[in-house]
Each structure stands twice: as structure tokens, then as C-alpha cells.
Amino acid sequence: MIIGGNETVLVQGITGKQGTFWSERMRDYGTKVIGGVNPRRAGERHLHLPVWASAQDAAKDQKIDAAVMFVPPFGVKEAALDIIAAGVRKIVCLTEHVPVQDTMYFLAAARERGAQVIGPNTAGLVTTGVNFVGFMPAFNARVFQKGDIGVISRSGSLGTLLCLNLVQAGLGISSFIGIGGDPIIGTTTRDALVALDKDPATKAVALVGEIGGAMEEAAADYAATMRKPVAAFIAGAASPPGKKMGHAGAIVMGNRGSYAGKKAALEEAGVTVCATPNEVPGVLKARLKR
Amino acid sequence: MNFTEHAGKAVLRAAGIPTPEGIVARTPEEAAEAARRIGKCVIKAQVPTGKRGKAGGIKLATTPDEAAGHARAILGMTIGEHQVDHLLVDRQVNIAREMYAAVLNDPETEGPLLLFSPEGGMDIEDIAAEHPDALLQIAVDITKGLDEEALAAAVRRYDPPAASAITDILVKLYEAYRASDAELIEINPLVQMRDGHFVALDCKLTIDDSALPRQEMLASTGTPDKTTDLEARAKALHLKYIELDGGVGVLANGAGLTMTTMDAIRHFGGRPANFMEIGGDSYTKAVPALEIVLANPNVKALLVNFCGAFARTDVMAEGVINAWLHLKPKIPIVFTIHGTGEDEAIAMVRDRLGIEPYDLMDDAVKVAVAAAKGASA
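Residues numbered from 1 in each chain as written. Chains lettered and ligands numbered in written order. Predicted model: local features only at pLDDT ≥ 70, side-chain atom pairs only at ≥ 80, totals over all residues. Heavy atoms only, no water.

Draft legend 1. Highlighting the overall build of chain A. Each helix and strand counted, chain A has nine helices and 14 strands in total. The C-alpha atoms of chain A give 18 Å as radius of gyration, which agrees with the globular expectation for 290 residues (19 Å, within 12%). Projected onto its principal axes, the C-alpha positions of chain A cover 55 × 40 × 30 Å. Here chain A holds 290 residues, and 64% of them are scored as buried. Intrachain contacts of chain A at a sequence separation of at least 6 include 72% that bridge at least 24 residues. Of the accessible surface of chain A, which amounts to about 10,100 Å², a share of 52% is contributed by carbon and sulfur atoms. Each charge class in chain A can be summarised by its mean position, and for the 31 positive and 24 negative side chains these summaries are 4 Å apart. (Helix = DSSP H or I, 4+ residues; strand = E, 2+ residues; numbered from the N terminus. Rg over C-alpha atoms; globule rule 2.2 N^0.38 Å. Buried < 20%, exposed > 50% of the residue type's maximum accessible area, 1.4 Å probe, protein only. Contact = heavy atoms within 4.5 Å. Areas by Shrake-Rupley, 256 points an atom, 1.4 Å probe, with all protein chains shown as cover. Lys, Arg positive; Asp, Glu negative; His and termini not counted. Charge placed at Lys NZ, Arg CZ, Asp CG, Glu CD.)

Put into C-alpha cells, the structure is as follows:
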């Protein structure tokens, strides 16, 4: 989903420790990793793949459909603008702690060029059995089995738990869309819900939200129009207001972003809101039988 | 990071926006001295929170004695969660009109939003509710910057005679917002004085925490979050830890999973003792993380919930086991471990601690909640 099985992927920061580790796993899983970018090591080969000085250089040699960034926070804006200038249409930004004004800047540049950004602060995307982009344990058979549930999550760790719970219950995952835990992100909960609604491989959706912001409320408007069942878990019911709970976006200010508000909006839209992630598979099974 | 009024006003002045003459005072004597120099003044509690006036933290004074008296009353006051330890003594100005101006990060438009209203002096929520027609909202294309001509034209609809002066302030406010990596910079009220000139009577400033490493100078003038001793220890190690009032200690990876662990504890009748997240780049810090969680004397049982994607559960579990064997706490510990490295992690917990991790998080949570209740009974 979002990044198709035949689409090529460029890795910004491929030579770093995490870039290397996850590029190998992505490639082993089936992702079409074509190489990477590191200005200081242009012309070398890494993991038997070419290294370019920039995405724009890479685009002269190869067709690039998507790019994923293993780049430190203050380097993200420049790397993203390079990818956008190279004409890449899909950008996955994994980095946490990107200054929000930098994010807004490259999101605006991406909008102008018609590029889709996933993240920042996302664990990435998985199309089970086809490819993955980011750092999700797609290759772990206890977490990912092919099936027909689409999963949306702001959090990588919680998304992983939810996928695992689905597999433990005998269900499987069509696609996982990690949207990221930052307050401003390129692909919202609603965008991800629309994508899974249109996806023929997805029959039902597990939506993992968090306190803070208004993305779950916006997604609820769309969920009300869907025929596919949606079950949700919203993290943060026990979190005190006014404190950032790990994610920069996970903070309740006044009434805005509260658990109660999100639960009410989703339930009004016909979404079943579960008390713990472990309850999600049972709810989806029951709703799919109806 | 939040800033007090006087720290925010320094940012405004650096951008060329005038503020009233003001002096910071930390004692009644300093306030009296400031009043002697300034004349008729306003004594204002410097805490990074709203509703200072309603709390009695803002008072007018005409004489040094009066200033000292107000200072004595306000210093030491608690407003919101902040104790007042310094004041701003500002010169009183002749107010003709009160307006509102702000720039903020807007999740809806995914860009900066500039707000202006000729009706100021009250909360923006109230302005939006009571004077919706008098609220100018401009979504700025951050790659192109503020369109000054369009802005001037828009402001002219609200206040033709003062449009160019207001536009000038809004342009400077946007520059201050960009230069300081602000989440929010707000002037409320923006005052037009009887002589026609404008002055920022108050300033609210919040800087994006992610940008603090490149805003070191500015960050040194901000107000650090209030922390407990344990929270301060965790912060120094770049660990995300929040102390709570329950008895079930939490150690998990990833913000989402950590919040969820707390939620599940509450759902099954217990209360979490803390938020402690060692995911992301912190996954090798299990030892100091555990030490901090256990240093809270309220912790009666510990729940370890790992679900590794990026974070390797074997590395985290090894850290926890080492710390546990070293600290030898006399409380029960419950594990649930999944994801990257789980086989090695589960085997280590089994072999070195003789404990069987739970396969379902809910089961682990129920056991931890019961253990904490049993311990305190």
C-alpha cells in the first residue's frame, strides 16, 4: 500500500548504522532498494548498491518512485528538499525530533510538486509479503502474517503490538501504515483511512490513535461513510493533561486532543473503540461475520 | 519550552516591536526602586501561564510604596503550577485600543497561521466566538514567506488609518516566529496608545522543543518544565519519564506502547506509577531507566512491556535483567515481550530470572496490578 511492490526505493543515509541494518532487511523482504545517498561517499558501493551524492544525482541514473530517510533531525529538511527536487513522489520520513517549522517547509514544497510525505516520526509502511519501507519487523512471522486487516498507527511500538495481537488471534494484515507521532505530519489518519478503504486487499481496519491534536476526529468524519468495519484503540486515556507523553504530538491542551473527545467522535461514526489493543482482533472478527 | 512575558518581550524587541519600558524585580525593594525610575507602573507576576490577572498576579501601582506592597503580595504566589519568584515592573501606557496578534504552527493547514484582530485583551477563543468577523486568519506559505501586500490589503479592511503600522508589526512578528522556531508567539493585547503608536503590552511565547538544540541562546532564557527530582535525573539522561501517583511501575519502549501500558493498568483497576519510555534511540538505556523507576518508593510492582520494531527487545531485556540482579529489589516483576529479538529476550528472562513472560499484554497487566495491590494491602 502507498508504495507498490514494483516501485523503486532510494535510501537517504544508507551508509549509517540504522540505514545499513534496515536497508538489508528491506531488500531481503522484497523491497526494490536501488541504492542510497551520502554526499561524502558518492561513487562507492554499499550493500552492493550504488551511493550517490544526492537524490537529484541518483535520479539521473535511475527511476526513483519513493525515498526513505535515515537522517538526523537537523538534516531532514535539506534531504527532503533534495528528494522533492529529484521528482520523487513518495517520501517516508522516519526521523523523530524534526523541528516543526522544517517539517512545514518541506511539506509545503512536497505539496507544490505533488509528492506524498509519510511522517515525520513514523515507523514506516508494510505491505505484508510484498515490501516494507522503514523499521517495522515485517519479517517477523509472529507480528506480520498476510491477511485482510489494514492497520493505521501513529506509534511504531504500539502498531507492532496491534499487528501481533491480530496474528495471535488468527487474523492477518494486508497493510500497515505508520503515520507518525509528530503534531504535523504529511499523511494524516484520515488520509490513511481513505487509502485502506480503497484498497481491495483490505476488508477491515484497525485504527490506532493517540491523545493530542484532532486527527482522529477528522478521520471519524470519513469513517462514518465507510462500509468496511473499523475498530480503534486510542492510547493515552490514563495520561495526565498538559504533559507531552513521549510523542511531540501526544499532549492534551484544555479539551483539545482529549481521549473522551476522540472516543465520542469515533463511536458516533460507527467505529468500535476498544479499551485495550488485545480487544481489537475479537471486535474485528465479530464485525466481519455480520 | 515556554517563556515568561519578559523573556518573550525581549524576542519582540529584537525583532523591532516596541514594548513598554520594564524592569525585572525579585524583591519588594527592587520593585520599589523600579517604580521610582519608571513612575506609574504595572506589577506583573512572571510565570509562563495565562490567567495571571484573574489570579491576582497583576496590579497597578502609582508610588514606590504601593509597588513594594503589591510585590510583597505577588511574590511567592502560586499561579497554575508555578510559584512566582520574579516580577516585571512595566511603565503604564495610555491605552486607546486593544488588539490581538499571533503566529502559530497550524496542524490543519500544516503551516504557519497568522492571526490578527482589532478586538484584543481577551482570550483568542473568546474573540473567535464573540467577534468572528473581526478575526483575520492568514495561512502562510512558509516556503514563500509572508505576502506583505496581501497582508496590508487585508488589514486595511479592519483599520484603514493604522493599517501600515499594524502590517509592519505583523511582518516583524512573523520574522520573530521564524527566527525563534516558535510554536506560538502571541501579543495580547497589542495596544494602540493615545499618541497613535503601537506597543506590545504582553507576550506569550512557546518554542518547539525539537528546535531547542539550535536555539541555545534563546533556550537559556526560557522556563524549564517543572520536574520532580526523578524527572530531572531522567531528563539529564535524555529519558522520557513522568512521575505519577500509582503503584505499578512501567518500563516500556515507544511512546504509544508506554501510554497504552498505563491505560491498560488503569483499565484493569490499578494505577500507573510512571511513564518511562526507552524506545527510539534510548533502547540501550534500560539500566538507568530501571534505576529511576525503582527509585520511586510508591512502586510496589514492576511491569515491563516491550514490543520491538526499531528497538531490540534482547538489548532492552538484557539491560533490565542486569539492573534487576544488581539492585535486587524486593518487589514482583512481570514481563511481556514481543517483536525484534523476542526469542533471545524471553530466553534470557527465563534463564537468568526464572520468570515466564506473558504472551498477552492484558494478562501481564492483570498480574502486575494484583501484585501491586497485594503488596500494599
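Draft legend 2. Fine view of the interface of chain A and chain B. The interface is formed by 59 residues belonging to chain A together with 55 residues belonging to chain B. Along the contact surface separating chain A from chain B lie six salt bridges. Linking chain A with chain B are 20 residue pairs in polar contact (both at pLDDT 80 or more). Mapped onto the side of chain A that touches chain B, the elements with two or more residues apiece are helix H1 (17-29), helix H4 (100-113), helix H5 (156-168) and strand S13 (230-235) of chain A. (Salt bridge = Lys/Arg side-chain N within 4 Å of Asp/Glu carboxyl O. Polar contact = N/O pair within 3.5 Å; in protein donor to acceptor, adjacent residues only side chain to side chain.)

Draft legend 3. View of the sheet that holds strand S3 (residues 41-45) of chain B. All names here are of chain B. In space, the four strands of this open sheet follow the order S2-S7-S3-S4, with antiparallel pairing throughout. Single-partner strands in this sheet number two, and they are strand S2 (22-25) and strand S4 (58-61). On average, each strand axis in the sheet is tilted by 20 degrees relative to the strand beside it, whichever way the strands run. Inspection of the sheet shows S3 paired to S4 by four bridges, in the antiparallel sense. Of the residues in S4, the one forming a bridge with Cys-41 is Ala-61. Packing of helix H1 (residues 5-14) onto the sheet brings it into contact with S2, S3 and strand S7 (87-91), and relative to S7 it is tilted by some 50 degrees. (Pairing = 2+ DSSP bridges. Axes fitted to C-alpha atoms, helices over the stretch in contact; angles between N-to-C directions.)

Draft legend 4. Region of interest: the packing of aromatic side chains. All names here are of chain A. By the definition in use, this model includes nine aromatic pairs over all chains. Residues Trp-22 and Phe-135 carry aromatic rings whose centres are separated by 6.1 Å and whose planes lie at 55 degrees to one another, so their mutual orientation is tilted. Residue Trp-22 is located in helix H1, and its partner Phe-135 is located in the loop between strand S9 (131-134) and strand S10 (146-153); the two are separated by 113 residues in the primary sequence. When sorted by exposure, Trp-22 lands in the same class as Phe-135, which is buried. Seen from their ring centres, Phe-144 and Phe-176 are 6.3 Å apart, and the 90 degrees between their planes marks the pair as edge-to-face. (Phe/Tyr/Trp six-rings, centres within 6.5 Å; stacked < 30°, edge-to-face > 60°.)

Draft legend 5. Representation of the side chain of Thr-160 of chain A. In this fold, Thr-160 of chain A is placed in helix H5. Those residues in contact with Thr-160 of chain A that sit more than four places away from it in its chain are Met-136, Pro-137 and Val-143 of chain A together with Cys-307, Gly-308 and Ala-309 of chain B.

Draft legend 6. Examining H4 of chain A more closely. All names here are of chain A. Taking 1.5 Å per residue as the helical rise, H4 with its 14 residues ought to reach 20 Å, and the 20 Å between its terminal C-alpha atoms agrees with that figure. Along H4, eleven of the 14 residues are buried, which leaves the element largely enclosed by surrounding structure. The set of residues buried in H4 consists of Val-100, Gln-101, Asp-102, Thr-103, Met-104, Tyr-105, Phe-106, Leu-107, Ala-108, Ala-109 and Ala-110. One or two positions beyond H4, positive phi appears at Gly-114, with a value near 75 degrees. (Expected span 1.5 Å × (residues − 1).)

Draft legend 7. Here's a closer look at the sheet that holds S9 of chain A. All names here are of chain A. Strand order in the open sheet made by the seven strands is S9-S8-S11-S10-S12-S13-S14, with mixed pairing throughout. Taken across any chain shown, the strands that pair with only one partner, and hence form the sheet edges, are S9 and strand S14 (272-273). Inspection of the sheet shows strand S8 (residues 124-127) paired to S9 by four bridges, in the antiparallel sense. Of the residues in S9, the one forming a bridge with Val-126 is Phe-132. Contacts between helix H9 (residues 280-289) and the sheet are confined to S10, strand S12 (204-210), S13 and S14, with S13 contributing the most and set at about 160 degrees to the helix.

Draft legend 8. Expanded view of the environment of Trp-22 of chain A. The class for Trp-22 of chain A is buried, based on a relative accessible area of 0%. Beyond its immediate chain neighbours, meaning those up to four positions away, Trp-22 of chain A contacts Phe-70, Phe-132, Gly-134, Phe-135, Met-136 and Phe-139 of chain A together with Ala-309 and Phe-310 of chain B.

Draft legend 9. Region of the structure containing the pattern of salt bridges. If you walk through the whole model with that rule in mind, you get 31 salt bridges over all chains. Residues Arg-41 of chain A and Glu-44 of chain A are paired through a salt bridge, measuring 2.9 Å at the closest nitrogen-oxygen approach. Between Lys-44 of chain B and Glu-5 of chain B there is a salt bridge, and its shortest N-O distance comes to 2.8 Å. Here Lys-44 of chain B is found in strand S3, whereas its partner Glu-5 of chain B is found in helix H1, with 39 residues between them in sequence.

By themselves, these are just geometric observations and shouldn't be taken as functional.
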